[in-house]
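Coordinate inspection notes
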Amino acid sequence: MEDLVERLKAALADCYRIERELGHGGMATVYLARDLKHDREVALKVLRPELSAVLGTERFLREIRIAAKLNHPHILALYDSGEVEGFLYYVMPHVPGDSLRDKLNREKQLPMDETVALTQQVVAALDYAHQEGLIHRDIKPENILIHQGEALVADFGIALAVSAAGGTRLTDTGLSLGTPEYMSPEQATGERQLTARSDMYSLGAVVYEMLVGEPPHTGNTVQAIIAKVVSVTPQPIQRVREAVPGNVEAAVQCALSKTPADRFVSGAEFARALTDPTFTLPGVASAAAVPLREGPWRRLAIGMAGLAALLAVVAVIALWSWLRPTPEPPRTVTRMDFALPEGEELVVVVTGTTVFALSPDGTRLVYYGPGESGRQLWLRPLDQLRATPLPGTELAWDPVFSPDGEAIGFRRGNKLQVASAAGGPPVTLADSVLGGATDWGPDGMLYFHDMSNGISRVPATGGEPEVVTRSDTSRGGLLHHHRTDVLPNGKGALFTIWRGSVEDEQIAVVEFASGEVRVLGPGNDPEYAASGHLVYVRSDRVLMAAPFDQDRLALTGPATPLVEGVALYGGGAAQFALSETGTLLYRTGGQPMREPVWVDRDGRHAAVDPGWVGTFATPALSPDGSKLAVAHGGDAGLDLWVKQLDTGPLSRLTFAEGADARPWWMSDGRSVLFVSGRGETYDLYRKRADGVGQAEPVLVLPEAVQQGQISPDGEWLVYRTGPGSGGADIRARRLRGDTGTVALVADPNINEHSPVISPDGKWLAYVSDESGRRELYVRPFPNVDDGRWQVSTAGGSEPVWAHSGRELFYKNASDELVSSEVRTSPTFMVGQHRILFSAADYNKDAFHPQYDVTRDDQRFVMLRNRMPESDLVLVLNWFEELKQRVGR
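Computed from a predicted structure; not experimentally measured.

Scanning the chain from N- to C-terminus turns up 14 helices and 59 strands. Classification of the 888 residues of the chain by burial places 54% in the buried group. Looking at the chain alone, contacts between residues at least 24 apart form 49% of all its contacts between residues at least 6 apart. Accessible surface for the chain amounts to roughly 38600 Å². Of this, 50% is attributable to carbon and sulfur atoms.

Have a look at this one:
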């Protein structure tokens, strides 16, 4: 900063001698300077460097010259303006004395006669400027100077000049033109074409503060203040200061009307109302009283008349309320960008989860923020500027508030936990939860989906999970996907049916008592709105709403599109949250992309082919390392593609409807085995890697086959069935001779998945939750009952054998890639574990490896997450729009 001041002094040395700083605000720093040419003290105002950088200099100087033409006894003149070495500045007289802000800080409230006198002087200045076509846009106590008892309005035309010169680029500076406490509702909501009535509102807020001691609306954050400006009626002045006359109260209320047309047209009208004892708000009659002599009878008469009038009014109000309650007027719907400070940014993951949640009353936000392990939960009260991390929530998933907003439930690893919103360590409710999509029901239970059982629940005090409904996994569908939303009446829950692609997902409701599932239509992540609507997101990222009867569990009207561009992550997880009070928060942006990269053992990465990005999954290297097979998402679901490494052509391998994924190369490198949802359920198919011919079925079963590979000797097909969470088993089938099926690891009460056979074909590595947490195990193959060794100790998933057979790679519970040394002679033995690097920025899948290793075991091909440009948008009073556009 000292360097900037010295540069400024040197640049202006021929015209002005800067003596000291007087203060600084949102747009400029003010210096006391000596005008060398005219030998006078001046106030030299220099725009902030970051603001100057985005302004069009010529446009700014041209606009500010308009303000220089103003000549009025209550307007502070503009002497000079210019640009030197990147500094934009303007010069005004230095006025000894106080600003109105200084006076209010000292006295808090001003006498009535002084308030009216100062206001009359300010409105005279405003009326003059308005007639010249200038709107101030930033009337506030700081811009009203008091010199020898007279008011001078400063900074006329500056906000307009900055706005005109900066345009939309101003959003990059974080600058808000105007001060939230004094902004008119139309200015607060971003309207650029403001009228004189906007200045009337701002002046009304200043007069309110002179009388009451604080602005009509206050808050701890800009968002909180703006929300009140656009939707809350200020507290009546006479409730705080009884001595304020009724006409003054009415005049200030008129100036603070939410609708511009209801305010004063000019400052002169405002000034007259402040001194006219008969002034009332439009529509309120002023009673003409017969003059009485001064004395006790006059006071008694006035008192009795007032009491009679009051009693009459009370009686009428009571009768009207009893016969026909008056509905509240609709509140203003307000949209705003919601920014999180540096160091507290949203951490976005591309798996199937929404990365934030709102408290039921809409006052708090919990979200994925930065953490030592890659991310943790952060809590942000919306009326405060900063968020705080919640201890013990590293790598947590699916946060949800309790009905009273005082606790937060979430998944962490295989545990379902609850933490107080006030801080403190989390409490574990259940330690063997492998599902997701947590919701806190009205009965005090935490509900979650597991991909085998359907929906289960756990008491908020802890206990064993209880199955509420069971999924129907026939025809390739998993019934409970992404969020689970328990209805307020406790009768059922909304959820998503997964059919293999985002485009095929359907929203549905399940009735708890009968277990009946009713499909409601295509869409993702349904949620019940307290306004009586069902809200969800279509595959084209449009937020929809339709009337919904929670007692009948049925839609009662057509759906209406309301918001475009809502982000969908990880197979359709819609990035929006909705409070019971009508606050909506959503994230914009397209589908997250993934970039195939080479990663060495130290974690350094480089693009496989620069610019090659897409919705990739499950990469697999060919045996000779010259090609990469990868699943890629399209409009019709997932298809397989083959890439010639590194920068060779990319060819599409499969074209069927549904999902083709999880490729595994045959040992000769000429064909690829993969999982396909093109039939009644998921089956195994094989196709030539050059794309010639049709895909051939290899294994078709009544149950879903989720993964498969052939042993190195070609004798066995090893595969995994079931959706997961207690329903996944590992089986094998001989390919020659007796082709019967063998259950390798298939406990019906345990989830076993991710089978991979060692390069020598003698060992089977797999993942099991038998300990209550996913861990990596090894058994002899095919004689799996001859031994069992646990390899991982801190969580384990996505196992891949090194080609040497002397290492097993996997990801631990902290999203780190681990190398575990293994020996197979004279018996199997686990050696040293070494963490190679953090895999938090790369794609992951608990049930199938999302990476592969090169033949020399020195590099990995991984999918680096690439998030699109996006914004967080906060909408206040959204239910008003919902009811107006969708109906009930």
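Picking up after the structure, the text goes on.
Where helix 8 (residues 196-212) meets helix 11 (residues 246-255), the closest approach of the two axes is 8 Å, and the angle between their N-to-C directions is 140°. Between helix 8 and helix 11, the crossing angle belongs to the class labelled oblique. Here the hand of the crossing between helix 8 and helix 11 comes out left-handed. Between helix 8 and helix 11, the residues in contact are Met200, Tyr201, Gly204, Val207, Tyr208 and Leu211 and Val248, Val252 and Ala255, respectively. Its residues assigned to classes, the contact of helix 8 with helix 11 shows eight nonpolar, one polar and no charged.

Chain-level pLDDT for the chain is 83 on average; 84% of the residues reach the 70-or-more range. Mean pLDDT across the secondary structure elements of the chain bottoms out at helix 13 (residues 296-323), with 43, and peaks at strand 57 (residues 851-853), with 98. Overall, residues 284-326 carries pLDDT values under 50, and its contacts beyond four positions in sequence, including any with other chains, amount to eight contacts. Contacts of residues 474-479 to residues separated by more than four positions or lying in other chains number 25 contacts, the stretch itself having pLDDT below 50.

Here the focus is the nonpolar core. By size, the foremost hydrophobic cluster in this structure holds 104 residues, and its most contacted members are Leu100, Phe270 and Phe356. Residue contributions to this core peak at 10 residues, all from helix 8. Residues Val563, Val566, Leu578 and Phe879 belong to the second largest nonpolar core, which totals 20 residues.

What follows deals with the pattern of salt bridges. Per the stated rule, a full pass over the model turns up 38 salt bridges. Residues aspartate 443 and arginine 457 are paired through a salt bridge, measuring 3.5 Å at the closest nitrogen-oxygen approach. Of the two residues, aspartate 443 sits in the loop between strand 18 (436-440) and strand 19 (445-450) while arginine 457 sits in strand 20 (residues 454-459), which places them 14 residues apart along the sequence. Here aspartate 443 falls in the partly exposed class, since its relative accessible area comes to 41%. A salt bridge links aspartate 549 to arginine 552; the shortest N-O distance between them is 3.8 Å. If you follow the salt bridges from partner to partner, you end up with Arg101, Glu142 and Glu209 in one network.

Below, the discussion takes up the environment of valine 206. Structurally, valine 206 is set in helix 8. The buried category is assigned to valine 206, whose relative accessible area is 0%. Residues contacting valine 206, with those up to four places away along its chain left out, are Leu100, Ile139, Lys140, Pro141, Ile144 and Tyr182.

A word on the pairing of strand 15 (residues 407-412). Judged by how many residues are buried, strand 15 sits mostly within the fold: five of six residues are covered. Bridge count for strand 14 (residues 396-401) against strand 15 is four bridges, and the pairing is antiparallel. Directly across from valine 400, in strand 15, lies its bridge partner glycine 409. The turn joining strand 14 and strand 15, which pair antiparallel and follow one another in sequence, is formed by five residues; a positive phi near 75° is taken by glycine 405. Of the strand pairs in this sheet, strand 15 and strand 16 (residues 415-420) are connected by six bridges, and their pairing is antiparallel.

Contact pair helix 5 (residues 112-131) / helix 12 (residues 267-275): the axes reach a minimum separation of 8 Å and the direction vectors enclose 165°. With respect to helix 12, the axis of helix 5 lies roughly antiparallel. The crossing of helix 5 and helix 12 is left-handed. Contact residues: Val116, Thr119, Gln120, Val123 and Asp127 in helix 5; Gly267, Ala268, Phe270, Ala271, Leu274 and Thr275 in helix 12. Looking at side-chain class alone, the contact of helix 5 with helix 12 contains six nonpolar, four polar and one charged residues.

Pairing is antiparallel in the open sheet, where four strands are placed in the order 14-15-16-17. At either margin of the open sheet sits one strand with a lone partner, and together these are strand 14 and strand 17 (427-430). Geometrically, the sheet is characterised by an average inter-axis angle of 30° between neighbouring strands, direction not taken into account. One ladder, built from three bridges, connects strand 16 with strand 17; its direction is antiparallel. Across the sheet, glutamine 417 pairs through a bridge with threonine 428, a residue of strand 17.

The next thing to look at is the packing of aromatic side chains. All told, the structure shown has 17 aromatic pairs when counted by the stated rule. Judged by centre distance (6.2 Å) and plane angle (70°), the ring pair of tyrosine 528 and phenylalanine 548 falls under edge-to-face. Placement of the pair is tyrosine 528 in strand 26 (residues 524-529) and phenylalanine 548 in strand 28 (residues 543-549), with a sequence separation of 20 residues. Summarising the burial analysis for this pair, tyrosine 528 and phenylalanine 548 share the class buried. For the pair phenylalanine 837 and tyrosine 842, a centre-to-centre distance of 6.5 Å together with 70° between the ring planes defines the contact as edge-to-face. Note on tyrosine 842: relative accessible area 5%, which makes it buried. A network of ring pairs unites the aromatic residues Phe809, Phe837, Tyr842, Tyr851 and Phe860 as a single cluster. The lysine or arginine in question, arginine 678, covers the ring of tyrosine 685, its NZ or CZ lying 4.8 Å from the ring centre. The cationic tip of arginine 774 hangs over the ring face of phenylalanine 847; the distance from NZ or CZ to the ring centre is 5.5 Å.

Quick notes on the rules
- Residues numbered from 1 in each chain as written.
- Predicted model: local features only at pLDDT ≥ 70, side-chain atom pairs only at ≥ 80, totals over all residues.
- Heavy atoms only, no water.
- Helix = DSSP H or I, 4+ residues; strand = E, 2+ residues; numbered from the N terminus.
- Buried < 20%, exposed > 50% of the residue type's maximum accessible area, 1.4 Å probe, protein only.
- Contact = heavy atoms within 4.5 Å.
- Areas by Shrake-Rupley, 256 points an atom, 1.4 Å probe, with all protein chains shown as cover.
- Axes fitted to C-alpha atoms, helices over the stretch in contact; angles between N-to-C directions.
- Parallel < 35°, antiparallel > 145°, perpendicular 65-115°, else oblique.
- Left-handed = near helix turned anticlockwise from the far one by under 90°.
- Nonpolar A, V, L, I, M, F, W, Y, C, P; charged D, E, K, R; others polar.
- pLDDT = per-residue confidence, 0-100.
- Core = buried A, V, L, I, M, F, W, Y, C linked by side-chain atoms within 4.5 Å.
- Salt bridge = Lys/Arg side-chain N within 4 Å of Asp/Glu carboxyl O.
- Pairing = 2+ DSSP bridges.
- Phe/Tyr/Trp six-rings, centres within 6.5 Å; stacked < 30°, edge-to-face > 60°.
- Lys NZ or Arg CZ within 6 Å of the ring centre and 35° of its normal.

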